[in-house]
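Survey of secondary and tertiary structure
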Amino acid sequence: MLDLTNCDREPVHIPGSIQPFGALLVLDRDGHTVRRCSANVTAMMDLPQPPGRPFRLAALFVPEALADIQDAIAALGGEEGIGPTLRVRGHAGRFEVTPCRSGRDLILEVEPEPRPGPDPQPGDRFQTAAMAALEGADSVADLWAVAARELRRLSGYERVLVYRFHPDDHGEVVAEDCDSALEPYLGLHYPASDIPEPARRVFLLNRVRMIPDVAYEPVSIMPLAGETTPVDLTRSMLRSVSPIHLEYMHNMGQRASLTLSLVVGGRLWGLITCAHHSGPRFAPPALRAACEAIARFVATLIPVKEYMEDLREHNRIRTTYATLLRQMESEREFLQSLTRSPVNLLSLIPAHGAATFIREENHWRTFGATPPPDVLDTLAVWLARKGDQTMQSEDALPRTFAPAEEHGATAGGMLAIGIPDLAGTLVLWFRPEVVRTVTWGGDPRKAAEGEGMRLHPRKSFEAWKEDVHGRAEPWPRWTLEAARELRIGLLTVDLRRRLQRERSARSEAEQANRIKEDLMAFVSHDLKNPIGAIRLNAEILRRLVSPADIAEADRLLESIERTSERMRELIDELLDVARIEAGRMVFHFSSCRAADLVADTFEVLRPHADAKGIVLRFEPAGEAICVHCDHGRMLQVLANLVGNAIKFTGSGGEVRVAVRETSDGTEWAIQDTGAGIPPEHLPHIFDRYWHTKQGRAGGTGLGLAIAKGIVEAHGGAIHAESRPVEGTTFRFTLPRDEDAPRPSRENHAGHHAHNA
C-alpha cells in the first residue's frame, strides 16, 4: 500500500538548493562575512574567482550599500522574519536585496534589479482601487471573487484562484478568475495530501511563494567553511521547490505560479494562487509586495465580512425572537408555547424539526420532522454524559451518535440547549442529512501514486464526484448565537415569573399579617373587655344575693368565673401565637436561677399533681445553674410542659425536671411516666391546633406551639422523645447566663419566632 505520510515527512524547508532567479548568501552573526552561498554568486555578482572559503560582504557591495544592508539586518533583531527589500549598488550592477532570519541562519537574498519591460509596474493608485473594490464587497463570497479578479489584473497571470482549507485540511476552490480558454477549477475539491502539513506550515510562516519557471535547474548552496548542516530556507523566497510539487504543477499544465497565504486569526485559512500556463512568468519584488499587501488586506476582511453576514442574519431574527419572547411572557405555560404557537422554535432557527422536554411533564413535545421519542430519550442521556448541557451542536450526528444512523432523514444535524435549573428543560433542533455530491479535482483516493520507491503526485485532474452521507448543513454562527439568546430569554421569563410569584406571595403575607393585627386588636379589646365585665358583675351578684340563696348562688358564680378565666386563657394563647407569627412577642431578659423557675412552676401545679398522687421531682444537679431568659415566658413554657406531663400521667406516677450544662448552654428535660406518644404523632405535636385522638378535649392545641416559639426566640430548640408505656421526655435548650446575648430590655422575638 502506498504510504501518503511520506508527503507529510518531506523536509521542504531544507532543500539544499535555490531557484536560479536570485543568489543566496548566508552570513555570520555580525552580518559582515559570507559563510555559505549559492553556486551562482560568482556569475551573477561578478566575483573575481569562485569562492572556496568565507569572504567579506564588501567583496559584493559598495560601502553605501553595506551600510543600508547592516541597518536592515539590525532592524530584524534576533527574531525570525523577513526585512524590507532594498535597492542597492553592487560591484557588478544594481540589485534588490532582502534580508531574513530563518531558523538560526541570517540570509541575504539577492536578485538583479529588473529592467523596464512591457508589463506595467504596480502603482499606489492601482492598489488603492483594488482595496476599495475589496472593501465594498457585499459578502464573503463576493470578497473572494473580487480578490481573484483584482489580483489577476494586477499580476498579469492567466489564472488566479482562491483556495480555502476545510476543517479536515482538504481544500476547495471558492473563487476563480481565468482566461476563457482555460478549463475552470471553480468548485473543485482537493485532498489534504495535495498540500501536505509541512507545506502548510511553511505557507503560514512565509506569506509569498514564487516559482517563475517550473522547468528551472536548482542551484546548490555551497558550504564555504566545510559546514554540512542544511540551511533553513523557511523564510526564503528563493527556496527550491519539492520535486513532487513541480511534478504536480507539470501534471496540471502550469509553467509558473505565485502563491499568497491567507492567514486569519493565526491560522492558515487558505491560499491565493496565481498560475501561468503558456510559459514562465517572473514577478519582480515590487509586484510581489503589492500582491502580498492585497492578500493581507483580504485576510483582514474575511472575518469582517463573515461578521457582517452573521450580523445581518442576527438582525433578521431579532424581530422573531422579540415576538417569541412577548408570546412566552403573555402565556401561562410559556415553555409549551415554544412548540404550539405560530411563532415557534422553527421560526427562530431554520430547521426541519424541533423538540422540547420538561422533566416535570416527563414527555417530549415535538413538531416538524424529528426522531421518535425513544431515540430522543437516548439522545438526551447521551448529551448529559457529554458534560456541557448549556449548548451543543453536531453537523454529522450519525457519525457520533449511533442511534441516529437510521434517522438521517430527520437527524443529520442537531442543535441543543439545556436548562437544568428550569424544570430540567431541553430544547432540540434537527436538520436532515444532505447527500452532497462533492466534485474533486481528480480521485482523492489517488492523491499520490507509487512507482518503485519514488512517490509521484497523481497525473489525472479530471473531475471525480463523490456522494457524502451522514452530514447536515453546518449550523452558522448566528444560529448558535440565537440559541444562546433563547436560553437566556427562557431563564429571564422564568425569573420574572418567579419574581411576580414572590411579590404576590409577599403581598398575601402582608395582607395576612394585617388581618392578624386586626384580630389581635379585636381579641384584646372587644373580647377581653366583655369577659372582664362578666367577672365584675358576678362579683357584684355574690354581694347582693340573700343569705338563703348563697349556696346555690356561689355554685353558679364560681362556674361563671371559671368559664371566664378559661376564656381569658384561650384569648391569651391566641394572642401569643399571633405575636410569635408576627415577630412581635416582647421579652424582658434577666438572669434567672433554674431552681427558682422550677420551684415556681411546681408551686402552681402541685395541687393538680397531688390530686392524682403524682410526685413532682427536680434533679438537684441543676440547682446552681443560671440562665438568661424572660422569667414570665419561661414559666409559661415550664407550666405547659409540666402541666401536660401531669395531665397524661396516671395516678401514682412521677414527673421529673432536670437541668444540665452542655457545651452550647443548658439542656432542660421534663420526663413523665405516662402512656407515651405514638411514633406517628411525634412529628405533629408542635403544630398549631393539633390534637391527638386520645383525650385532649378542651384544649386549643396551641400550648406546645407557643412553647416552641418562646424557646426558639431565646435561641434554643425543643423536641420530644417518647416510647409507648415508658413515658415521654420533652427537651429544650437555653443559653447559659454568661453566654447569652445581652439584648435591650424589650427584645422582640425576631426571626426565631417567625420560624415557629
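None of the values given here were measured: they were computed from a predicted structure. Positions within a chain are numbered from 1, following the residues in the order the chain's sequence is written. Thresholds applied to this predicted model are a pLDDT of at least 70 for local features of residues and 80 or more for the giving and counting of side-chain atom pairs; totals over whole chains, interfaces and linings are not thresholded and use all residues. To get the side-chain values, take all heavy atoms of the structure and skip hydrogens and water.

A look at the sheet that holds strand E16 (residues 353–358)
Pairing is antiparallel in the open sheet, where five strands are placed in the order E17-E16-E20-E19-E18. The sheet is open, and its two borders are formed by strand E17 (363–368) and strand E18 (391–394), each paired with just one other strand. Across the sheet, the mean angle from the axis of one strand to that of its neighbour is 10°, orientation sign disregarded. DSSP calls a pair of strands paired once it identifies at least 2 bridges connecting them. Working definition: helices are DSSP H or I runs of at least four residues, strands are E runs of at least two. Numbering for both runs from the N terminus. Note that strand E19 (residues 413–419) and strand E20 (residues 425–431) share seven bridges and pair antiparallel. Paired with Ala416 across the two strands is Leu428, which belongs to E20. Contacting E16, E17, E18, E19 and E20, helix H11 (residues 373–385) crosses the sheet at an angle of about 115° to E20. Axis angles are defined between N-to-C directions and span 0 to 180 degrees, where every axis is a line fitted to C-alpha atoms and, for a helix, only to the segment in contact. Contact between two residues is taken to exist if any of their heavy atoms lie within 4.5 Å; hydrogens are not considered.

Some thoughts on the packing of helix H15 (residues 594–612) against helix H16 (residues 631–647)
Packing of H15 against H16 leaves a shortest axis separation of 9 Å and a crossing angle of 25°. The angle between the axes of H15 and H16 places the two elements in the roughly parallel class. Of the two elements, H15 crosses H16, and the hand of that crossing is right-handed. Residues Leu597, Val598, Asp600, Thr601, Phe602, Leu605, His608, Ala609 and Lys612 of H15 touch H16, and the partners they reach there are His631, Met634, Leu635, Leu638, Ala639, Val642, Gly643, Ile646 and Lys647. Residue composition of the contact of H15 with H16, by class: 11 nonpolar, four polar and three charged. Any angle that is under 35 degrees is reported as roughly parallel, and any over 145 degrees as roughly antiparallel; angles of 65 to 115 degrees are reported as roughly perpendicular and all others as oblique. The crossing is said to be left-handed when, going from far helix to near helix, the turn is anticlockwise and less than a right angle, and right-handed when the turn is clockwise. Classes in brief: Ala, Val, Leu, Ile, Met, Phe, Trp, Tyr, Cys and Pro nonpolar; Asp, Glu, Lys and Arg charged; the others, Gly included, polar.

Remarks on the packing of aromatic side chains
Pairing of aromatic rings covers Phe, Tyr and Trp, the last through its six-membered ring, and needs centres within 6.5 Å; plane angles under 30 degrees mean stacked, over 60 mean edge-to-face, and all others mean tilted. Under the counting rule described, the total for this entry stands at nine aromatic pairs. The ring of Trp475 carries the charged tip of Arg431 above its face, separated from the ring centre by 4.2 Å. Consider the ring centre and the ring normal. A charge sits over the ring if Lys NZ or Arg CZ is within 6 Å of that centre and within 35 degrees of that normal.

Details of the side chain of Glu109
For Glu109, the position within the fold is in strand E8 (residues 105–112). We note that Glu109 is buried and unpaired, the nearest opposite charge coming from Arg288 at a distance of 6.3 Å. Think of a polar contact as two N or O atoms within 3.5 Å of one another; within protein, one of them needs to be a possible hydrogen donor and the other a possible acceptor, and neighboring residues in sequence only count if both atoms come from side chains. Of note is the side chain of Glu109, whose polar atom sits 2.9 Å from the backbone nitrogen of Leu238. Exposed residues in this analysis have more than 50% of their type's maximum accessible area, buried residues have under 20%, and partly exposed residues fall in between, with area computed by a 1.4 Å probe over protein chains only. When charges are tallied, Lys and Arg are placed among the positive residues and Asp and Glu among the negative ones, while His and the ends of the chain are skipped. Here a salt bridge means any side-chain nitrogen of Lys or Arg lying within 4 Å of a carboxyl oxygen belonging to Asp or Glu.

A short note on the nonpolar core
Core analysis: the biggest nonpolar cluster contains 47 residues, and Val162, Leu258 and Leu262 have the highest contact counts within it. Sort the elements by how many residues they give to this core and helix H8 (residues 285–330) lands first, with nine residues. Definition of nonpolar core: a set of buried residues of the types Ala, Val, Leu, Ile, Met, Phe, Trp, Tyr and Cys, connected through side-chain atoms within 4.5 Å. Of all hydrophobic cores here, the second largest spans 46 residues; its members include Leu638, Ala645, Ile646 and Val655.

Side note on the packing of helix H5 (residues 140–155) against H8
For any two helices packed against each other, one specifies the inter-axial angle together with the distance between the axes. One way to put it is that H5 packs onto H8 with a least axis distance of 9 Å and a crossing angle of 170°. Comparing their axes, H8 and H5 come out roughly antiparallel. Where H5 approaches H8, its residues Val140, Ala141, Leu143, Trp144, Ala147, Leu151, Leu154 and Ser155 are matched on the opposing element by Leu287, Ala290, Cys291, Ile294, Val298, Leu301, Ile302, Lys305, Glu306 and Glu309. Taken together, the residues that form the contact of H5 with H8 break down as 14 nonpolar, one polar and three charged.

Quick look at H16
Here H16 is 17 residues long and its end C-alpha atoms lie 24 Å apart, about the 24 Å a rise of 1.5 Å per residue gives. Looking at H16, one finds that the buried residues are Arg633, Met634, Val637, Leu638, Asn640, Leu641, Val642, Asn644, Ala645 and Ile646. The opening residue of H16, the one whose side-chain oxygen lies 3.1 Å from the backbone nitrogen of Gly632, is Asp630. Multiplying 1.5 Å by the residue count of a helix minus one yields the expected span of that helix.

Topic: the pattern of salt bridges
Opposite charge on two side chains lets them pair, provided their charged atoms get close. What the rule picks out here adds up to 23 salt bridges. As a salt-bridge pair, Arg723 and Glu726 come within 3.9 Å of each other at their nearest N and O atoms. You'll find Arg723 and Glu726 in the same group, each marked exposed. Each of the salt bridges in this network shares a partner with another, and the network as a whole consists of Arg87, Arg94, Glu96 and Glu113.

Concerning H15
Relative to the 27 Å expected for 19 residues at 1.5 Å per residue, H15 spans 26 Å between its end C-alpha atoms, a close match to the ideal helical length. The bend at a residue is defined as the angle formed between two axes, one fitted to the seven residues ending at that residue and one fitted to the seven starting there. Of all the bends in H15, the largest measures some 55° and sits at Leu605, one to four residues before the proline Pro607. Listing the buried residues of H15 in full gives Ala594, Ala595, Leu597, Val598, Thr601, Phe602, Leu605 and Ala609. Where H15 is buried, its residues contact strand E26 (589–593), strand E27 (615–618), strand E28 (626–630), H16, strand E29 (654–661) and strand E30 (666–672). Where H15 terminates, the next one or two residues include Gly613, which has phi positive at roughly 70°.

Section: a nonpolar patch on the surface
A cluster of nonpolar residues, Val304, Tyr307 and Met308, forms a patch on the protein surface that exposes about 290 Å² of accessible area. In this fold, Met308 is placed in helix H8. Using a relative accessible area of 36% as the deciding quantity, one classes Met308 as partly exposed. Exposure above 30% relative accessible area and the absence of a salt bridge qualify a residue for a patch, where like charges join within 9 Å and nonpolar side chains (Val, Leu, Ile, Met, Phe, Trp, Tyr) within 5 Å. Accessible areas in this description were obtained via Shrake-Rupley with a 1.4 Å probe; residue shielding takes into account the shown protein chains only.

Examining the side chain of Arg235
Tracing the backbone through its elements, the reader meets Arg235 in the loop between strand E13 (219–223) and helix H7 (243–251). Taking the relative accessible area as the measure of exposure, Arg235 reaches 14% and is therefore buried. Separated by 3.4 Å, the side chains of Arg235 and Glu80 make a polar contact. Ignoring anything within four residues of it in the chain, the contact list for Arg235 reads Glu80, Gly81, Ile82, Cys100, Arg101, Ser102, Leu205 and Asn206.

Details of the confidence of the model for the protein chain
pLDDT is a per-residue confidence score from the predictor, ranging from 0 to 100. When the pLDDT values of the protein chain are averaged, the result is 80; 77% of them are 70 or greater. Between residues 463–467, whose pLDDT stays under 50, and residues either more than four places distant or in other chains, the model counts 20 contacts. In the model, residues 693–698 has pLDDT below 50 throughout and makes eight contacts with residues more than four positions away in sequence or in other chains.

Details of the sheet that holds strand E31 (residues 718–723)
Across the sheet, which stays open at both edges, the five strands sit in the order E27-E29-E30-E32-E31 with mixed pairing between neighbours. Pairing within the sheet leaves two strands with one partner each, and these edge strands are E27 and E31. Mean inter-strand twist for the sheet, computed between neighbouring axes without regard to direction, equals 15°. Pairing geometry for E29 and E30, over seven bridges, is antiparallel. Among the inter-strand pairings, Val655 is bridged to a residue of E30, identified as Asp672. Across the face of the sheet, H15 comes into contact with E27, E29 and E30 while running at roughly 180° to E27.

Considerations on the pairing of strand E32 (residues 727–734)
Along a regular strand, successive side chains alternate from one face of the sheet to the other. Counting buried positions along E32 gives six out of eight residues, so the element sits mostly inside the fold. Bridge analysis of E30 against E32 gives six bridges, and the strand direction is antiparallel. Residue Gln671 lies in a different strand from E32, and its bridge partner there is Thr729. As defined by bridge partners, E31 adjoins E32 across six bridges and the pair is classed as antiparallel.

Considerations on unusual backbone geometry
Unlike most non-glycine residues, Asp169 shows phi in positive territory, near 75°. Of note, Asp169 is situated in the loop between strand E9 (159–165) and strand E10 (171–178). Overall, the relative accessible area of 31% leaves Asp169 in the partly exposed class. Here Val725, not a glycine, exhibits a phi torsion of approximately 80°, which is positive. Secondary-structure assignment places Val725 in the loop between E31 and E32.

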